[in-house]
Amino acid sequence: MNERFICGYRITVGPSIYTNRPGKIDVRIDCESDWGAKHQNGLRYITAQVLAAESFEVLRNYSPIQGHVLTEILHYARGITAQLAKETTP
């Protein structure tokens, strides 16, 4: 799983957690919070949004993300998605 921090958001790109998306990749956008999963950096994060990597369709939207931040996140996710596609193509 690929991980990066952009403007205070934790971005991970990896296998989908949804049973109706087997073999597909999700982009998970987590925001810092007072509760949630504790990261190695000691901060806690909750899911803000989950996107389908192949189309960037929003699969789950729990919290809005500012436009300029979302643009940076999508730029990163496109690069990682392209890289993963090259690695899995025979």
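As the structure is a computational prediction, the values presented were derived from the model and not from experiment.

A. Quick peek at the packing of aromatic side chains. Scanning the entire structure with this criterion turns up one aromatic pair. Taking the centre distance of 5.9 Å and the plane angle of 50 degrees together, the rings of Phe-5 and Tyr-45 count as tilted. Taken together, the residues span a long stretch of sequence, with Phe-5 in strand β1 (residues 2-6) and Tyr-45 in strand β5 (residues 44-52) at a distance of 40 residues. Look at Phe-5 and you get partly exposed, because its relative accessible area is 38%. Its relative accessible area of 6% is what places Tyr-45 among the buried residues. The ring of Phe-56 is capped by Arg-78, whose NZ or CZ atom sits 5.1 Å from the centre of that ring.

B. Representation of the pattern of salt bridges within the structure. Counted under the stated rule, the structure contains four salt bridges. Measuring nitrogen to oxygen at the nearest pair gives 3.0 Å for the salt bridge that ties Arg-21 to Asp-26. Note that Arg-21 is salt-bridged to Glu-54, the shortest N-O span being 2.9 Å. With Arg-21 in the loop between β2 (9-15) and β3 (25-33) and Glu-54 in the loop between β5 and β6 (58-61), the pair connects residues that are 33 residues apart, well separated along the chain. Put simply, Glu-3, Arg-10 and Asp-30 are held in one network by salt bridges that share partners.

Criteria and cut-off values
Residues numbered from 1 in each chain as written. Predicted model: local features only at pLDDT ≥ 70, side-chain atom pairs only at ≥ 80, totals over all residues. Heavy atoms only, no water. Phe/Tyr/Trp six-rings, centres within 6.5 Å; stacked < 30°, edge-to-face > 60°. Helix = DSSP H or I, 4+ residues; strand = E, 2+ residues; numbered from the N terminus. Buried < 20%, exposed > 50% of the residue type's maximum accessible area, 1.4 Å probe, protein only. Lys NZ or Arg CZ within 6 Å of the ring centre and 35° of its normal. Salt bridge = Lys/Arg side-chain N within 4 Å of Asp/Glu carboxyl O.

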